[in-house]
Amino acid sequence: MSMLKLSFLNFKSSFKNYLSLIIALSFTILIFFNFFNMIDSGVLSALSQDNLEKTKIIIQVIIIVLIIFMIFFIWYSTNVFLTRRKKEIGIYAFMGLTHLQIGRLYMIEITLIGFVSLLIGLLSGGIFGQLFQMFFIHLSDIHIDMHFSFSMSAVIKTSVIYLTIYMIFVAKGFVNIVRSNILDLLSYHKQNELIKQNNTILMIKTIIGIVVLGYGYYIAIAKGGMEVLNNVLKAVICVIVGIYFIFGGLIPFIFQTLKTRKMFLYKKERTLWINNIIFRIKKNYRTYAITCILMLCSVTALATGFAMKQRYDNMMSSRHVYNYQVMSQKKGLKDYYQKIIEKKSQVKYGSSIAVLQLDSSLMSSRYSHTAYAVLSYSQVKALAKQTGLEFSYKEPKSNEYVKIERLYMLTILTDRSNEKITINKKTYHMLDFTTEAYLGYMQEKISLYMISDSEYQKLLPLGKEVYFYNYKIKDMKSFETSKQDLRQANDSIGLVSLNPNEDNEMEWIKSIYALCVFMFLVFVVASGSIIFMKLYNDAFEDKSRYLVLNKLGINHEILKKSIGKELFIIYAFPLLIMSISSYFSVKALANMMQTELLMINLTSVIVVIVLFIIFYVLSNIIYRKIVEVK
């Protein structure tokens, strides 16, 4: 019988065993293909050139992340396959096959798995491609016409990248087999059981894990200035290292300690699974640490997407507090401009305010700006009342100010307690800051400081007073006509007019939200798949143990409970560590986004738990089927 035929028969007879691996790989290919398809098919071409380029850059960054993830996932899945087959490969050697022939057999069989996964992934990508695009565009809220598209360029790129990565690890497995010793192959699983760890070593790992992880949590949420970026990088490294040591030290230390407690050990059939848990964690702690980190990345990605969408909506809302802003050197023209607008449309609300522009040579602040201006407390308060904006600030003292600033997408300034400015050699300390859009769009162009009325009067001779007249209309149908009427009016030195329907220069930001949702789903499904595949592989190793327990006459209901508890612990610990860690990662993000993300954090963790419950139930059913405990 030829190697090709034997490999095909093996593949056919073991197809059910490979199904979880094929589904996981196919899902990765489906997502990968659809991102390429969105770029190459022209679906996004209706966006403006700037938005199109920025959206493509974001998608390309996501593709690079997916490639890195694919490298890890294929490496892991091919290792699981090789581990699962090593004993069988050793038997082939006793049947007279050379190492080279066994290696070829392995290569053909695992290549069949790879090609079947690629075919299923591309076909499902084509079938669900439009649904993927609809989901992406709906989440992004990008206004473009949908049409079915299928890019051969995306097929080629996906196939080339996937097969290149896949065949590298296939070749690695081939070399591993050719260089292996027959006895090592036959006794591979028994070798793992000899792994032992000293309690002192586990204690050292536990202390390192707790200290490093705790430090990572601390600096993640620590507020500050420019050092925040450096802290974020340190926090990421510390959390990754800390999680690794927690799974390699603390968790096995807990179970090894519990094993010595008779009051714990001899209750609820714990003797049936406690040793297996200790062995499983010792052998697979790196895998569990990686899945925990993947889940943490997924929750943080989702929180980032929600935060950016929320911030984008708030930025657009702040920008469009007014439809028209007229700048004039003359005072008292609010009613004059309002009458011009009301010839064509009804004014919903209007406001006016004096702004004292100061020369930059008089100003000194932490950051340089192109334009500086101060506002008087009473005028800002009156403007807020006219427009219905929130205002809850007490009047600053003679040496205090309230910073009125634009909404930024992201800021590294999380501690502003010591912020101050100098105006004409006098130092003012920041009392508070606000992003309430009192001056609408113009707040993005000028660095504004609200000071007391008396201080404003003192500074009046140093600058030039300009008046802003701001209006929001009820009906946008007459927007253009009223804009032209205002342009023709006298006494104005400038006009800013904003139509929400035309302001799409930042529309690319909305695509980040959709991409973060996809990244969340991909990483969560991948995390669950990794644990599922590992338990699936371990079930074959544990089969003989459960056969012995069956022969000893242990009740199947007791064995079912034992298996359920064992698998529950495997899924529960990564979830627990991820849930705790996600609070700090999302809190750090909330500080930089200046928004509250606790509910988003809780929601995302609940979604992960629900998905993991599904994986747990499937694992429980399939595990019991393999070990013949029904």
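The model shown is predicted, which means the values in this text are computed figures rather than measured ones.

**Focus: the side chain of S298**
Phase 1 of the analysis: Relative to the helices and strands, S298 is located in helix α12 (residues 274–319).
Phase 2 of the analysis: Not counting residues up to four positions away in its chain, the partners in contact with S298 are F520, F523 and V524.

**Remarks on the layout of surface pockets**
Phase 1 of the analysis: Quantified by volume, the largest pocket comes out at close to 1,000 Å³.
Phase 2 of the analysis: Considering the residues around the largest pocket, the lining is formed by 33 residues, among which V236, C297, T300, A301 and T304 are closest to the centre.
Phase 3 of the analysis: Those elements giving two or more residues to the lining of the largest pocket turn out to be α3 (49–94), α9 (199–221), α10 (227–259), α12, α17 (508–551) and α18 (556–593).
Phase 4 of the analysis: Its residues placed into classes, the lining of the largest pocket shows 29 nonpolar, four polar and no charged.

**Regarding the sheet that holds strand β9 (residues 464–473)**
Phase 1 of the analysis: Strand order across the open sheet formed by ten strands is β3-β6-β7-β5-β8-β4-β2-β9-β1-β10, with mixed pairing between neighbours. The open sheet has two edge strands with one neighbour each: β3 (363–364) and β10 (494–497).
Phase 2 of the analysis: Direction of pairing for strand β2 (residues 347–358) relative to strand β4 (residues 372–376): antiparallel, over a ladder of three bridges. Across the sheet, L358 pairs through a bridge with Y372, a residue of β4.
Phase 3 of the analysis: Lying over the sheet, helix α14 (residues 377–387) contacts β2, β4, β5 (400–404), β8 (447–451) and β9, oriented at roughly 165° with respect to β2.
Phase 4 of the analysis: Packing against the sheet, helix α16 (residues 479–488) makes contact with β1 (324–328), β9 and β10, and its axis sits at approximately 170° to β10.

**Considerations on unusual backbone geometry**
It is generally the case that most residues other than glycine have a negative phi and that most peptide bonds are trans.
Phase 1 of the analysis: A positive phi angle, close to 50°, is found at N424, a residue other than glycine.
Phase 2 of the analysis: For N424, the position within the fold is in the loop between β6 (420–423) and β7 (426–434).
Phase 3 of the analysis: Using a relative accessible area of 38% as the deciding quantity, one classes N424 as partly exposed.
Phase 4 of the analysis: Although it is not a glycine, K425 adopts a positive phi angle of roughly 70°.
Phase 5 of the analysis: As for its position among the elements, K425 is in the loop between β6 and β7.

**Side note on α9**
Since the α-helix advances by 3.6 residues per turn, residues separated by three or four positions end up pointing in the same direction.
Phase 1 of the analysis: The terminal C-alpha atoms of α9, which comprises 23 residues, lie 33 Å apart, in line with the 33 Å expected from a rise of 1.5 Å per residue.
Phase 2 of the analysis: All of the buried residues along α9 are L202, K205, T206, G209, L213, G216, Y217, I219 and A220.

**Here's the deal with the packing of helix α4 (residues 99–127) against helix α6 (residues 152–178)**
Phase 1 of the analysis: The contact between α4 and α6 brings their axes to 9 Å, and the two run at 160°. Taken together, the axes of α4 and α6 lie roughly antiparallel to each other. For the pair α4 and α6, the sense of crossing is right-handed.

**Considerations on the nonpolar core**
Phase 1 of the analysis: One finds F35, Y162, I243, F247, F255, M578 and V608 to be the most contacted residues of the largest nonpolar core, which totals 128 residues.
Phase 2 of the analysis: Of all the elements, α17 adds the most residues to this core, at 23 residues.
Phase 3 of the analysis: Once residues lying within four places of it in the same chain are set aside, the contact partners of F35 are I59, I62, I63, L66, F132, L515 and F518.
Phase 4 of the analysis: The next biggest cluster of nonpolar side chains, apart from the first, holds 30 residues, and it includes I423, Y456, Y469 and I473.

Procedures and definitions
- Residues numbered from 1 in each chain as written.
- Predicted model: local features only at pLDDT ≥ 70, side-chain atom pairs only at ≥ 80, totals over all residues.
- Heavy atoms only, no water.
- Helix = DSSP H or I, 4+ residues; strand = E, 2+ residues; numbered from the N terminus.
- Contact = heavy atoms within 4.5 Å.
- 1 Å grid on protein atoms, 1.4 Å probe; cavity = no way out; pocket = protein on both sides within 12 Å on 5 of 7 lines; lining within 4 Å.
- Points joined across faces, edges and corners; volume = space filled by probe spheres on them.
- Nonpolar A, V, L, I, M, F, W, Y, C, P; charged D, E, K, R; others polar.
- Pairing = 2+ DSSP bridges.
- Axes fitted to C-alpha atoms, helices over the stretch in contact; angles between N-to-C directions.
- Buried < 20%, exposed > 50% of the residue type's maximum accessible area, 1.4 Å probe, protein only.
- Expected span 1.5 Å × (residues − 1).
- Parallel < 35°, antiparallel > 145°, perpendicular 65-115°, else oblique.
- Left-handed = near helix turned anticlockwise from the far one by under 90°.
- Core = buried A, V, L, I, M, F, W, Y, C linked by side-chain atoms within 4.5 Å.

Read these as spatial facts, not as claims about activity.
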